[in-house]
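A structural walkthrough
Chain by chain, the residues run as shown.
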There are 2 protein chains.
Amino acid sequence: MKLTFEKSNLINAINIVSKAVSSKSTLPILECILIDASTDEIKMIANDLELGIETKVAGTITERGKTAVPSKLFGEIIRKLPDSDVEISTDSANNMMIVCENANFKIPANPADEFSYLPYIEKDKYICLSQFTLKELIRQTIFSISANDNNKLMTGELFEINENMLRVVSLDGHRISIRKIKLNDSYEKKNVVVPGKTLNEISRILTGDNEKEVFLFFGENNIMFEFDDTKVVSRLIEGEYFNIDRMLSSDYTTKISLNKKRLLDCIERSMLLIRENDRKPIIMNITDDMALSMNSTFGTMNERIEIEKEGKDIMIGFNPKFFVDALKVIDDEEVTLYLINSKAPCFIRDDNEEYVYLILPVNFNNAG
Amino acid sequence: MKLTFEKSNLINAINIVSKAVSSKSTLPILECILIDASTDEIKMIANDLELGIETKVAGTITERGKTAVPSKLFGEIIRKLPDSDVEISTDSANNMMIVCENANFKIPANPADEFSYLPYIEKDKYICLSQFTLKELIRQTIFSISANDNNKLMTGELFEINENMLRVVSLDGHRISIRKIKLNDSYEKKNVVVPGKTLNEISRILTGDNEKEVFLFFGENNIMFEFDDTKVVSRLIEGEYFNIDRMLSSDYTTKISLNKKRLLDCIERSMLLIRENDRKPIIMNITDDMALSMNSTFGTMNERIEIEKEGKDIMIGFNPKFFVDALKVIDDEEVTLYLINSKAPCFIRDDNEEYVYLILPVNFNNAG
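The numbering scheme is per chain: residues are counted from 1 as the chain's sequence reads. All chains are assigned letters beginning with A, and all ligands numbers beginning with 1, in the order in which they are written. Local features are withheld for residues below a pLDDT of 70 in this predicted model, meaning they are given only at 70 or higher, and side-chain atom pairs are given and counted only at 80 or more; totals for whole chains, interfaces and linings count all residues. Here the side-chain values reflect all heavy atoms present in the structure, with hydrogen atoms and water set aside.

As a further point, take the overall build of chain A. Per the secondary structure count, chain A includes six helices and 24 strands. Principal-axis analysis of the C-alpha atoms gives chain A an extent of 80 × 50 × 35 Å. Here's how the labels work: a residue is buried when its accessible area is under 20% of the maximum for its type, exposed when over 50%, partly exposed in between, all with a 1.4 Å probe on protein chains only. Looking at chain A residue by residue over its 368 residues, the buried ones come to 53%. Two residues qualify as a contact provided that any one of their heavy atoms is within 4.5 Å of a heavy atom in the partner residue. Considering only intrachain contacts with a sequence separation of at least 6, the fraction spanning at least 24 residues in chain A is 67%. With residues, only the protein chains shown are counted as cover, and all accessible areas are computed by Shrake-Rupley using a 1.4 Å probe. About 17500 Å² of surface is accessible on chain A, with carbon and sulfur atoms providing 43% of the total. When charges are counted, Lys and Arg contribute as positive and Asp and Glu as negative, whereas His and the chain ends are disregarded. For charged residues, the charge sits on one atom: NZ in Lys, CZ in Arg, CG in Asp, CD in Glu. Taken as two groups, the 45 positive and 59 negative side-chain charges of chain A have centres that lie 5 Å from each other. Only DSSP runs of H or I with at least four residues qualify as helices, and only runs of E with at least two residues qualify as strands; both kinds are numbered from the N terminus onward.

Moving on to the pattern of salt bridges. Residue and element names in this part refer to chain A. For this analysis, a salt bridge means a side-chain nitrogen from Lys or Arg found within 4 Å of a carboxyl oxygen belonging to Asp or Glu. Considering all chains together, one arrives at 52 salt bridges over all chains under this definition. Of the charged contacts, one joins K7 and D83 as a salt bridge, the two residues approaching to 3.0 Å between their closest N and O atoms. Here D83 lies in the loop between α2 (71–80) and β7 (85–90) and K7 lies in helix α1 (residues 7–17), a separation of 76 residues in the sequence. A relative accessible area of 9% places K7 in the buried class. Assessed through its relative accessible area of 73%, D83 is described here as exposed.

This part is about the sheet that holds strand β8 (residues 95–100) of chain B. In this scheme, strands are said to pair when DSSP sees at least two bridges between them. Taken in spatial order, the nine strands line up as β21(A)-β17(A)-β18(A)-β19(A)-β9(B)-β8(B)-β7(B)-β1(B)-β5(B) in an open sheet, and their pairing is antiparallel. Every other strand in the sheet has two partners, leaving β21 (314–318) of chain A together with β5 (60–63) of chain B as the edge strands with one partner each. Direction aside, the axes of adjacent strands within the sheet are offset by 15 degrees on average. Judged from the four bridges that link them, strand β7 (residues 85–90) of chain B and β8 of chain B form a sheet pairing that is antiparallel. Residue pairing in the sheet places T90 of chain B in a bridge with M96 of chain B of β8 of chain B. Throughout, an axis means a line fitted to C-alpha atoms (over the contacting stretch in the case of helices), and angles, computed between N-to-C directions, take values from 0 to 180 degrees.

With that out of the way, let us pick up the environment of A103 of chain A. All names here are of chain A. Counting through the fold element by element, A103 comes out in strand β9 (residues 103–108). What makes A103 buried here is its relative accessible area of 0%. Residues A103 and V86 lie 17 residues apart in sequence; the distance between their C-alpha atoms is 9.9 Å.

On a regular strand, one side chain projects to one face of the sheet and the next to the other, so that they alternate. Residue and element names in this part refer to chain A. Most of strand β17 (residues 282–286) is tucked away, with four of its five residues classed as buried. Relative to strand β18 (residues 289–296), β17 runs antiparallel, the two being bridged by four bridges. When the sheet's bridge partners are listed, I283 is paired in β18 with S293. Between the antiparallel neighbours β17 and β18 lie two residues.

So, on to the interface of chain B and chain A. Taken together, the contact between chain B and chain A spans 27 residues of the former and 27 residues of the latter. Here chain B meets chain A over a buried area of about 2400 Å², counting both sides, of which 54% is carbon and sulfur. The three residues of chain B that bury the most area against chain A are K80, R269 and L272 of chain B, which together make up 26% of that side's buried surface. There are four salt bridges connecting chain B and chain A. Buried area is understood as the total, over both parts, of accessible area removed when two parts are fitted together, assessed with a 1.4 Å probe.

Mapping chain B onto chain A calls for a screw motion: a turn of 180 degrees about the axis and a shift of 0.0 Å along it, with 0.0 Å RMSD after fitting. Overall, the copies show the geometry of a two-fold rotation axis. Within chain B, the C-alpha atom positioned nearest to the axis of rotation is that of E276 of chain B, 16 Å from it. Copies overlap after least-squares fitting; the atoms used are the C-alpha atoms of residues with pLDDT of at least 70 in both.

Below, the discussion takes up the side chain of N47 of chain B. Residue and element names in this part refer to chain B. Secondary-structure assignment places N47 in strand β3 (residues 42–47). Residue N47 is classed as buried on the basis of its relative accessible area of 7%. By the criterion applied in these results, polar contacts are pairs of N or O atoms within 3.5 Å in which, for protein atoms, one can donate a hydrogen and the other can accept it, and in which residues neighboring in sequence qualify only through two side-chain atoms. Among the polar contacts made by the side chain of N47, one reaches the main-chain carbonyl oxygen of S116 at a distance of 3.1 Å. A distance of 3.3 Å separates the side chain of N47 from the backbone oxygen of Y117, its partner in a polar contact. Once residues lying within four places of it in the same chain are set aside, the contact partners of N47 are A20, L30, G52, F115, S116, Y117 and L118.

This next bit is on unusual backbone geometry. Of note in the backbone geometry, E101 of chain A takes a positive phi value of approximately 50 degrees without being a glycine. By secondary structure assignment, the location of E101 of chain A is in the loop between β8 (95–100) and β9. With relative accessibility at 51%, the residue E101 of chain A sits in the exposed group. The phi dihedral of N94 of chain B falls on the positive side, at around 65 degrees, and the residue is not glycine. Within the secondary structure, N94 of chain B sits in the loop between β7 and β8.

This next bit is on helix α3 (residues 131–139) of chain B. For an α-helix the count is 3.6 residues per turn, leaving residues at separations of three or four pointing the same way. Along α3 of chain B, the positions that sit buried rather than exposed are Q131, L134, E136, L137 and I138 of chain B. In this fold, the buried residues of α3 of chain B make contact with β10 (126–130), β11 (156–171), β12 (175–195), α4 (196–205), β13 (213–218) and β14 (222–227) of chain B.

Okay, the pairing of β3 of chain B next. Residue and element names in this part refer to chain B. Within β3, five of the six residues are buried, which leaves it mostly tucked inside the rest of the structure. Once strand β2 (residues 32–37) ends, the chain turns through four residues before running back antiparallel as β3. The pairing of β3 with strand β4 (residues 51–57) spans six bridges and is classified as antiparallel. Residue M44 lies in a different strand from β4, and its bridge partner there is T55.

Structure representation (structure tokens):
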């Protein structure tokens, strides 16, 4: 194999596929990137068996071939080379030679035949949306998946397609995040649960370009994201997702609207008084205004915020982090909170329910 | 006590003095900042007993007083407040109240009388230089102090004043870094060894302004840096510093000049093939050009660089990190290396010896 690349093309491709490289594996081949120039195009592939990424790289093929090279070292070397053309070749002893101007590297590679290619996925069931929209949907929901593996379904996000509506849902037992958007076309009904890790990596690769599209193809056990010159294939999480519609309610006894930034800043300030593992709630006392207070071993904080209110006065406590997470991804200047009582969930939602954030309250001592 | 500040003035002062706050101490008072408004001016002081910093803060005194407040929490709260005036007051139970717009904090403080003020230093022995120069001198030498406490003197830097010359020296047993500058005035002879930690913190506080001065006052066991509205006092390291002039030699059998950036880039690339604790040397084979090579379990690298040479051919090995550290702080485009043989130190120095970097070679296997 003998290939020539512009350094920047090579770096770009490495950055994309390295998202699917195992960082610590007992199988050295899983720490490798496959460079496949066995046909007329050059592809780079990484596959940790949960997530696989394949991308095309522009370059010149002087001699066809393929090889699997350790991702980390290969990436570090290429990044440190002079900004010039890079020549990559292999010898019969499975070494890879890298030449750029006067610099010569020789590093051990692995035989390509040990490498697992991406699984094949039929392209009959799919949806299409802009890269920007997908990236936003992920950002606005990913924080409320569960980090804990006890319930596998909670570590992923539900993608629910119903005609021209796509709803993305995540929940961790204390809160639910829901974003809904209209697609340009109508598609077959489909529910899949995509691993959170996949979505995190996808969102790092997506350019966030509003003009560029991304296709989601649904296989039996896999999902494939296809965009630009890149394919990302991930296993789906098996099982029936939670019936969230049963948990959503439009009843309320108190409805308040207030400035989002003021609320966010205030809650973030209150969190300065808590340390990790400390579960002090932020108390909201809603009367004609909202009086927020925090009381911990490190001190006390209280602050008043103007609100517009309909309904009853209420005093309720929350894990402040859950409020901060939701408020951070809401772009509206004003937010509206719907409350029932101090034991029932609070809903933050807009009029069209394009977003719904449900947060369970916590018990607190009134005397605190 | 009752004081009012502009938030930005307060943050600036906290950023300066907090460099002298113990991060982990058994004495809570060492984690505090003293706010002293017992006279007509407001001072903030921190003192971990090795290093002490005092700075003036602009603000309004409504009621005089002083208090010691936990540095970390106080700083975090002030930074998170709205950009507005901040009112700070204390009550009789040693609490500090912080009020800014609608936000109210109450945190426990400590009685001011537990706090240690900075030691007094006579101002008769001193030198003066620009903040920029001092910051540069530190940056260009600090990397070769020893992290290891076995020899206390190696953890500091020698400041040697001789008439209008200041020489700053650091060494760790494998290398020596020397920078020499001309002062604007002549001063009394003086040798002091300043702790590396002090110099690191000082260099973070100095603005690096060429127009602004910094005074160094020399006490019996302490040094005081005075600049802007700030005083930094540090203990000196006791003992006689190494006689470095005996280690410096102007003899050489090989002298080469080459492009600094090319050499630096090449050595940095070679370091990709070594991991921590791996002591593989970079081998320089100097003939009509310089052939650099690295050979490790991760692969091999070689690269040729054009040089101008006087004297004999030589092959010599170095710890690549030592070369990188020195080359990074040399601003010249071309550097000159002076060599004697493969067991004698290499000198990197300019014609006026404004900088001298001595690096000991390492043994290597020719067959490698």
